[in-house]
Structures are given as C-alpha cells and as structure tokens.
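Geometric and topological summary
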Amino acid sequence: MLEVNGLNVGFRDGRGVKEVLRDVSLRVEDGEFVSIIGPSGSGKTTLFSVIGGLLSPSSGEVRIGGRETTGETGHVAYMPQQASLLPWLTVAGNIEQSLVIAGAEKGSARKDALAWLARIGLAEYAGAYPHVLSGGMQQRVSFLRALLSPQPLMLLDEPFGALDALTRAEMQKWLLSIWEENRRSVLLVTHSIEEALYLSDRIIVLSASPAEIRDEIIVPFERPRREELWEDARFNALKGRIYRHLQTSGRKEQPHG
Amino acid sequence: MGNKKSLWSRVWPPAVALGALLACWQAAVSFSLVEEWVIPSPAGVVREAFSANVWPRLTEHTGATVGLAMIGFAGGSAAGFGLAALLHLLPGVRRGVYPLLILSQNVPIVILAPIMTMLFGYGLLPKALLVMLVCFFPVCIAMLGGLSGTDEGLRHYMRMIGSGKWTLFWRLELPSAVQSLFSGLKIAASYSVLSATFAEMLAPKTGLGGYMVLSTRGFMPERAFASAILIIMISLALFGLIALAERLVIRWRPEKGETKRHAGG
C-alpha cells in the first residue's frame, strides 16, 4: 500500500543544512496498522508531510498503491492532532466537504456522513456546529472524516495527544473497534508506547534528530485485541524494549530538539 | 423571555438619559436661557422639519444622500474585497502593495475631494468616487488581515487532504475572513455617510450635506439641525443593516455567555 524508500530530508538554517530524516524506508501493507514512535522532535511530523506530499524530500521516493506520489498531495486520508473541524460548517457538513475535496461524489458523501454519524451515536449532532461538541466527540468526527475518505491509506498524526487520559483510553478502544471491522491501511504517529502496542500490527521506532529507524517490532497479540493487554508478560517486555530505544536516542537530543 | 427582558433592561437606561437630555435642551430654550435663533429647541426642529415646504425637500435630499452613500459603499467595498482577494492570491504583488495600503490609511481621504471636483466637475461621479475611495481601504485591509489570519492547523489539514490553492481560498480562507470582512464593512458603512455628506457640502446642490450648508448660509438653524439628525439616522441605519447581515451570515458563532455544551465522551 505505502512504500517509503530511502527518504532524506534536510532544512537549510543559519549554519548550513539541518538533517531531519536520514535514510528512512518503511512499508505499510494493505489493511495493516503501523505505528511510528519516537522522541519529540524526531521528525515524525516531517515524515508525514513528505508522505502527504506537502514536502519534497532531498532524496528518496514515496509510493502509494504502487504509484510514485512523491511531492503530490491528495493521496492520503488524514487525521490531525487537533480535530480541525471548520467552525462554520455543521458536523455532517465538515465530513461531507472533506470527502468531496478528497474526490467523493457530493450525494454519496452526504449519505455516508449521516449513516456513519448515526452508527457512532452522534446522529443528533449531525446538524450542530462543532463548538458544541466535546474534545473526544470532535476527534470521533475527525476520525470518521478520515475513515470515509476514498483514499486507502490513513495517516493519524498523534490523534489523541490533546485528550485527557480517560478520554484517550476510551478513544483508543473505540477506534480499534471500528478499525477491526473496516480494515484500512493505517500509519499512526504517537508518543505513547502503550497506545502503539495496543493498536498496531507493527511498530517502527525512530531515533532523535536526524531521525533514523532504530527498531521494527511485530506486535504479536491476536485480534480483536483485549483491553487487559498490559497483563500479558510480552506486553511489558516489548514496552521495555521500546522504552530503552527512546531513552538512548533521547540522550543525544538537543536542548530544543 | 429572559433575553427580551435583558434587551429591555439594556435599552431603557440610555433611552431615559437621552430623554432627559432632550428635556433639558427644550427647557433651556423654553425658559430663554439660550435664544431660539441661536440654538433651536427640539420641538422647534421637529415642527420645522414636518412643515409643508420643508418636508418634501428633506425627503428628496435624504434620498440623494442615501443613494450616494450606498453607491459609494457598494462600489468601494466590492473593490476592496476584490483587491484583497487578488493580493492574497498573488503574494509577490502583495508584498509590494500592502505597505502602501497601510500607509494610505494615514491619508485623510476627504482632502482628495477638491481634486475630484476639479477633475470631474460637480456631478455624481466625483462624489461617488470619493465615497468609494473612503470605503475601499477599511474593507481591503480588514479582508487581507482576515485572509492571512487563517488558522495554520486548519490550513495544514486542508492541504494534507489535497486542497489546491483555489479550494483553500473558497473553502477555508474566505470563510475564515468573513468576520474580519464584516468589521471592515461596518467601518465603511459609517464612513460612507460621513464622506457622502462631506462631498455634498462641496457642491451644495443635492443631498442633506448640501441642504445643511444652504440652511446655515440662510441662517435657518432648525433646518440645519433637522438635516444633521437625518444624517445621523442614516448612518445608524446603515451600520445596523450591516450588523444584521453579519448576524444572518455568521450563525456558527457560540452565543455570548453560552458555555460549551459537553455531552460526555
């Protein structure tokens, strides 16, 4: 589904070129849930911008669905950290507009939006403006908007990072229940080791700047995932393994890195 | 019901204050503290305004002033809106023009009135051009500010899902700028009446501004006061109209004082 090959990205600053990504290669298969985890400032956002086509790499290529899409936008469905619902559109209108921009037909976009809002229990908010929704509800709408987009690859950019711990746990459970019924290819960026282990099939660990791939972990737990995953000894072993990677790469982190 | 009551409670204090002020004014004239031929009494102004030979002329001039203000407001706002959109879509040109636009804010545009009259004579054209110019700048600046003040997170999201420059403009930047646009329009609405009246004073043939000048020259203070009151009313009405339009267009804003309605989850 997604292939990223030999990505190098650098930004020019006062003293020369600051390397952000160094030789990053990764794949996401059809219907696979892959997480990227790394210390803050490790270039995860840059990586997403490159995959989304907003940013052109110094070298390397991005292929989506077998076709090279380096530097081209419009090939991914996207869920940002902030819900990013347009305040002047209703909840249903927000979903509809994003689907239309992504290339869906207006009538079917409307129908899908309403049907799915009902399915996730937000039918009564279809005609409401986003500001009446709680943070968690806004993120559900934001996820739905990405899920319904016709693009087969979904990029989730720390989608629960701004939520409180309880809402966050609820949202992870909710997302998983929907995703396990509608397997899409997902690439998730997260800071949370537990979140990555709970949700993904595979975890890619990045180092601090410049970001390189440190480790790749195949998550062994069967689906549908149990909530009590943390009782499993393998869960803690993997958690320790990822934690050590993040620690050692954190050590070379710069003050504002 | 509660809303109605709060509206009433906001309206009556200034209404009482205004009434008291008018009463004092009337009393000052009635008891000959000031001479009626220096400052006319409110009742005298009303009596004169509705008299048979003044009222028809007042309505005619009011029509002219409203027309001029509306033409200028519509033309100036449209031009301001258009140029703002153009500059926003052409960042290179914007860099050259924007500083000049800001500088031009400090030019008292009414000083151009005699030049306009010199160039275009005493007809409608120079007056309309002046009002347009006056209305143009606040709309253009407010609109440009609104367009470039678009939320960066929303912009990033819209670009990630594949919006081009044009989609960004219509679907994101323009709706984001609506609120700023209305601020500019409200300023322009007030300015339009002000500058229309001023333009009429320079060529006092039609309009309330002209009528006012002629009345003062003929030393008819009641008529001058009546014109002034009508000008103020036009100005308020135009402002109110824009404010009403704003309320109708921007329906998504949370009501003042409304707390976020969290329904769990």
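What you see is a predicted model; the values in this text were computed from it and never measured.

1. With respect to the sheet that holds strand 4 (residues 59–64) of chain A
All names here are of chain A. Strand order in this open sheet of 4 strands is 2-1-4-5, and the pairing throughout is antiparallel. This sheet does not close on itself; its edge strands, each paired only once, are strand 2 (16–28) and strand 5 (67–68). Summarising the sheet, strand 4 and strand 5 pair through 2 bridges and their orientation is antiparallel. Looking at the pairing, Ile64 lines up with Arg67 of strand 5. Seen against the sheet, helix 1 (residues 44–52) touches strand 1 (2–13), strand 2 and strand 4 and runs at an angle of roughly 120° to strand 1.

2. Notes on the packing of aromatic side chains
Within a pair of aromatic rings, the relevant descriptors are the distance that separates the centres and the angle that separates the planes. Under the defined criterion, the tally for this structure stands at 11 aromatic pairs over all chains. Ring geometry for Phe169 of chain B versus Trp170 of chain B: centroids 5.4 Å apart, planes at 80°, classification edge-to-face. Owing to a relative accessible area of 48%, Trp170 of chain B belongs among the partly exposed residues under this scheme. Lying across the ring of Trp116 of chain A, Arg119 of chain A places its NZ or CZ 4.1 Å from the centre. We note Arg94 of chain B situated over the ring of Tyr98 of chain B; from NZ or CZ to the ring centre the distance is 4.7 Å.

3. Structural notes on the pairing of strand 8 (residues 185–190) of chain A
Remember that side chains alternate between the two faces of the sheet whenever the strand is regular. Residue and element names in this part refer to chain A. Most of strand 8 sits out of view: 6 of its 6 residues are buried. Covered by surrounding structure in strand 8 are Ser185, Leu187 and Val189 together with Val186, Leu188 and Thr190, the residues of both alternating faces. Where strand 3 (residues 33–37) lies against strand 8, 5 bridges are found, and the strand directions are parallel. Within the sheet, the bridge partner assigned to Ile37 lies in strand 8 and is Thr190. Bridge count for strand 7 (residues 153–157) against strand 8 is 5 bridges, and the pairing is parallel. Bridging across to strand 8, Leu155 finds its partner in Leu187. A crossover connection joins strand 7 to the parallel strand 8 through helix 5 (residues 165–181); in handedness this β-α-β unit is right-handed.

4. Focus: a nonpolar patch on the surface
Residues and elements named next belong to chain B. A cluster of nonpolar residues, Leu7, Trp8, Val11, Trp12 and Val16, forms a patch on the protein surface that exposes about 540 Å² of accessible area. With respect to the helices and strands, the residue Leu7 is situated in helix 1 (residues 2–30). In this structure Leu7 comes out as partly exposed when scored by relative accessible area, which is 46%.

5. Looking at the UniProt feature "domain: ABC transmembrane type-1" (unreviewed entry) in chain B
Those places that UniProt annotates as "domain: ABC transmembrane type-1" (unreviewed entry) correspond, in this numbering, to residues 62–242 of chain B. Secondary structure within residues 62–242 of chain B divides into 86% helix and 0% strand; the distance between the first and last C-alpha atoms comes to 19 Å.

6. Describing the UniProt feature "transmembrane region" (unreviewed entry) in chain B
The UniProt entry lists residues 66–90, 97–122, 128–147, 168–194 and 224–245 of chain B under the feature "transmembrane region" (unreviewed entry), expressed in the numbering used here. Helix makes up 96% of residues 66–90 of chain B and strand 0%. Its end C-alpha atoms lie 36 Å apart.

7. Topic: the packing of helix 4 (residues 135–148) of chain A against helix 5 of chain A
Residue and element names in this part refer to chain A. The N-to-C vectors of helix 4 and helix 5 enclose an angle of 25°; their axes lie 11 Å apart at closest approach. On the basis of the axis angle, helix 4 is roughly parallel to helix 5. Considering the relative orientation of helix 4 and helix 5, their crossing is right-handed. Within the contact between the two elements, helix 4 uses Gly136, Gln139, Arg140, Phe143 and Leu147 and helix 5 uses Thr167, Glu170, Met171, Trp174, Leu175 and Ile178. Grouping the amino acids of the contact of helix 4 with helix 5 by side-chain chemistry returns 6 nonpolar, 3 polar and 2 charged.

8. Considerations on the packing of helix 9 (residues 207–217) of chain B against helix 10 (residues 221–249) of chain B
The geometry of a pair of packed helices is captured by two quantities: the angle between their axes and the separation between those axes. Residues and elements named next belong to chain B. For the pair helix 9 and helix 10, interaxial distance at closest approach is 8 Å and the crossing angle is 160°. One way to sum up the angle between helix 9 and helix 10 is to call them roughly antiparallel. You can see that helix 9 and helix 10 cross each other, and the crossing is left-handed. Contacts between helix 9 and helix 10 involve Leu208, Gly209, Tyr211, Met212, Ser215 and Thr216 from the first element and Arg223, Ala224, Ser227, Ala228, Leu230, Ile231 and Ile234 from the second. Looking at the contact of helix 9 with helix 10, its residues break down into 8 nonpolar, 4 polar and 1 charged.

9. Here's the deal with the interface of chain B and chain A
Listed per partner, the contact involves 26 residues of chain B and 32 residues of chain A. At the boundary of chain B with chain A, the tally comes to 0 salt bridges. It is helix 7 (residues 152–160) of chain B that contributes the most residues to the side of chain B that touches chain A, 7 residues altogether. Looking at the side of chain B that touches chain A, its residues break down into 10 nonpolar, 9 polar and 7 charged.

About the thresholds
Residues numbered from 1 in each chain as written. Chains lettered and ligands numbered in written order. Predicted model: local features only at pLDDT ≥ 70, side-chain atom pairs only at ≥ 80, totals over all residues. Heavy atoms only, no water. Pairing = 2+ DSSP bridges. Helix = DSSP H or I, 4+ residues; strand = E, 2+ residues; numbered from the N terminus. Contact = heavy atoms within 4.5 Å. Axes fitted to C-alpha atoms, helices over the stretch in contact; angles between N-to-C directions. Phe/Tyr/Trp six-rings, centres within 6.5 Å; stacked < 30°, edge-to-face > 60°. Buried < 20%, exposed > 50% of the residue type's maximum accessible area, 1.4 Å probe, protein only. Lys NZ or Arg CZ within 6 Å of the ring centre and 35° of its normal. Right-handed = clockwise from strand over helix to strand, strands pointing away. Patch = residues over 30% accessible without salt bridge, like charges linked within 9 Å, V, L, I, M, F, W, Y side chains within 5 Å. Areas by Shrake-Rupley, 256 points an atom, 1.4 Å probe, with all protein chains shown as cover. Salt bridge = Lys/Arg side-chain N within 4 Å of Asp/Glu carboxyl O. UniProt positions renumbered as here; feature names shortened; annotations may be inferred. Parallel < 35°, antiparallel > 145°, perpendicular 65-115°, else oblique. Left-handed = near helix turned anticlockwise from the far one by under 90°. Nonpolar A, V, L, I, M, F, W, Y, C, P; charged D, E, K, R; others polar.

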